[in-house]
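# Commentary on secondary and tertiary structure
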Amino acid sequence: MEMNASYNSFVAVGDSFTEGMSDLLPDGSYRGWADLLAARLAARGPGFRYANLAVRGKLIGQIAEEQAPVAAAMGADLVTLVGGLNDTLRPKVDMGRVRGHLEAAVELLAPSCKQLVLMRSPGRNGPVMERFRPRMEDLFVLIEELAARHGALVVDLYGAPALGDQRMWDVDRLHLTAEGHRRVAEAVWQALGLPAAQDWRTELPAAAPPGWAVRRTQDLSFARQHLLPWIGRRLTGRSSGDGRPAKRPELLPYEPMAGDPLS
């Protein structure tokens with residue numbers, strides 16, 4: 001599809017990253033980069049429609065089987081697919097199965113829309129990132145291969161120092177802050193050939209790191225509130241998205257939510 005084209009409909013597919021965690025709105029719902037992108041696309045002309053099928057905790061197999069067929073049937077101009085990172089964070093993962101599921105999703109979605117967008121997702125700098133980096137990079141190599149084969153765009157967020165900054169990440173250390181989501185929306189916007197509003201790669205001003213006592217307090221709070229529950233779900237085979245519906249399951253005219261940049 002030609003750059004700077006008109007996008008009159010948009011379907012977002014994926015997990016918590018695309019659902020919008022942790023870009024929290026006052027009413028307790030999540031916004032996120034996909035909603036921000038939809039708001040900007042909607043402002044370009046009347047009749048814009050948007051669906052967000054993403055659900056937190058979903059593995060790539062679930063995305064391929066539950067979301068991709070629904071998204072393909074919608075026939076949207078623009079589809080974004082971001083998934084597989086939840087798989088790479090599991091203690092054990094069959095990367096061959098991840099490859100197969102992602103390939104199936106791309107092969108279904110690419111011919112169903114005018115433009116499919118994939119991502120090399122960002123990662124928070126730190127020991128967790130280093131532990132899982134080889135798996136993530138295997139996933140990203142596959143994404144590049146699939147994009148080249150099917151004419152998809154790849155938004156490369158992985159190598160951007162600004163998005164690796166710990167200050168761009170929520171206290172759970174897994175999800176971007178509102179500022180992080182805003183930058184992702186800008187990155188996708190620019191990848192689509194639309195006029196830039198700012199440089200999303202601009203790094204935050206340097207700041208003195210917190211002291212040892214503050215870091216230990218943060219680590220203990222993180223372990224108690226986020227890490228232990230996450231481990232518990234892994235041990236019991238549960239997911240944070242079990243039984244949770246998509247927040248925008250139908251491709252309907254877009255109505256700005258409270259907090260949208262253009263509302």
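A quick note: this is a predicted structure, and the numbers were derived from the prediction, not measured.

Quick look at the overall build of the protein chain now. Of regular secondary structure, the protein chain possesses nine helices and six strands. Every one of the 263 residues in the protein chain was classed for burial, and the buried ones make up 49%. In the protein chain, once contacts between residues fewer than 6 apart in sequence are set aside, the share between residues at least 24 apart is 77%. As displayed, the protein chain has an accessible area near 12500 Å², and 55% of this comes from carbon and sulfur atoms.

Here we take up the packing of helix H2 (residues 33-42) against helix H8 (residues 178-191). At their nearest, the axes of H2 and H8 sit 8 Å apart, and the two run at 50° to each other. Of the possible angle classes, the one that applies to H2 and H8 is oblique. Regarding H2 and H8, the two cross each other, and that crossing is right-handed. Between H2 and H8, the residues in contact are Trp-33, Leu-36, Leu-37, Arg-40 and Leu-41 and His-181, Arg-182, Val-184, Ala-185, Glu-186, Val-188 and Trp-189, respectively. Taken together, the residues that form the contact of H2 with H8 break down as eight nonpolar, one polar and three charged.

The next subject is the packing of aromatic side chains. Aromatic ring pairs are defined here through the distance separating the ring centres and the angle between the ring planes. For the structure shown, the criterion picks out four aromatic pairs. With a centroid separation of 5.2 Å and an interplanar angle of 25°, the aromatic rings of Phe-10 and Tyr-50 are classed as stacked. In this pair, Phe-10 is assigned in strand E1 (residues 9-14) and Tyr-50 in strand E2 (residues 49-52), connecting sequence segments 40 residues apart. When sorted by exposure, Phe-10 lands in the same class as Tyr-50, which is buried. Between Phe-17 and Trp-33, the ring centres sit 5.9 Å apart and the planes meet at 40°, which makes this aromatic pair tilted. Here the residue Phe-17 occupies a position in helix H1 (residues 16-19), and Trp-33 occupies one in helix H2, the gap between them amounting to 16 residues.

Turning to the side chain of Asn-86, a few remarks are in order. Mapped onto the secondary structure, Asn-86 falls in helix H4 (residues 85-88). When its relative accessible area of 19% is taken as the criterion, Asn-86 is described as buried. A polar side-chain atom of Asn-86 sits 3.5 Å from a polar atom in the side chain of Asp-15. Setting aside residues up to four positions removed in sequence, Asn-86 forms contacts with Asp-15, Gly-57, Lys-58 and Leu-59.

A few words now on the pattern of salt bridges. Counted by the stated rule, this structure contains 13 salt bridges. For the salt bridge of Lys-114 with Asp-77, the shortest nitrogen-to-oxygen distance reads 3.5 Å. In this pair, Lys-114 is assigned in the loop between helix H5 (95-109) and strand E4 (115-120) and Asp-77 in the loop between helix H3 (60-74) and strand E3 (78-82), connecting sequence segments 37 residues apart. The shortest N-O distance in the salt bridge between Asp-156 and Arg-120 comes to 2.9 Å. Highlighted residues: Asp-156 in strand E5 (residues 153-156) and Arg-120 in strand E4, separated in sequence by 36 residues. For Asp-156, a relative accessible area of 38% corresponds to the partly exposed category. Several salt bridges share partner residues, and in doing so they unite Arg-120, Glu-144 and Asp-156 into one network.

Turning next to the side chain of Asp-15. With respect to the helices and strands, Asp-15 occurs in the loop between E1 and H1. Here Asp-15 is buried and forms no salt bridge, its nearest opposite-charge partner Arg-90 lying at an N-O distance of 9.9 Å. A polar side-chain atom of Asp-15 sits 3.2 Å from the main-chain amide nitrogen of Phe-17. The contacts of Asp-15, once residues within four sequence positions are left out, are Ala-54, Val-55, Arg-56, Gly-57, Lys-58, Ile-63, Val-82, Gly-83 and Asn-86.

Mapping Ile-60 onto the fold places it in helix H3. On the basis of relative accessibility, which here comes to 0%, the residue Ile-60 falls in the buried class. Taking the C-alpha atoms as reference points, Ile-60 and Gly-84, 24 residues apart in sequence, are found 4.9 Å from one another. In contact with Ile-60, not counting residues within four places along its chain, are Gly-83, Gly-84, Asp-87, Val-98, His-101 and Leu-102.

How each quantity is defined
- Residues numbered from 1 in each chain as written.
- Predicted model: local features only at pLDDT ≥ 70, side-chain atom pairs only at ≥ 80, totals over all residues.
- Heavy atoms only, no water.
- Helix = DSSP H or I, 4+ residues; strand = E, 2+ residues; numbered from the N terminus.
- Buried < 20%, exposed > 50% of the residue type's maximum accessible area, 1.4 Å probe, protein only.
- Contact = heavy atoms within 4.5 Å.
- Areas by Shrake-Rupley, 256 points an atom, 1.4 Å probe, with all protein chains shown as cover.
- Axes fitted to C-alpha atoms, helices over the stretch in contact; angles between N-to-C directions.
- Parallel < 35°, antiparallel > 145°, perpendicular 65-115°, else oblique.
- Left-handed = near helix turned anticlockwise from the far one by under 90°.
- Nonpolar A, V, L, I, M, F, W, Y, C, P; charged D, E, K, R; others polar.
- Phe/Tyr/Trp six-rings, centres within 6.5 Å; stacked < 30°, edge-to-face > 60°.
- Polar contact = N/O pair within 3.5 Å; in protein donor to acceptor, adjacent residues only side chain to side chain.
- Salt bridge = Lys/Arg side-chain N within 4 Å of Asp/Glu carboxyl O.
- Lys, Arg positive; Asp, Glu negative; His and termini not counted.

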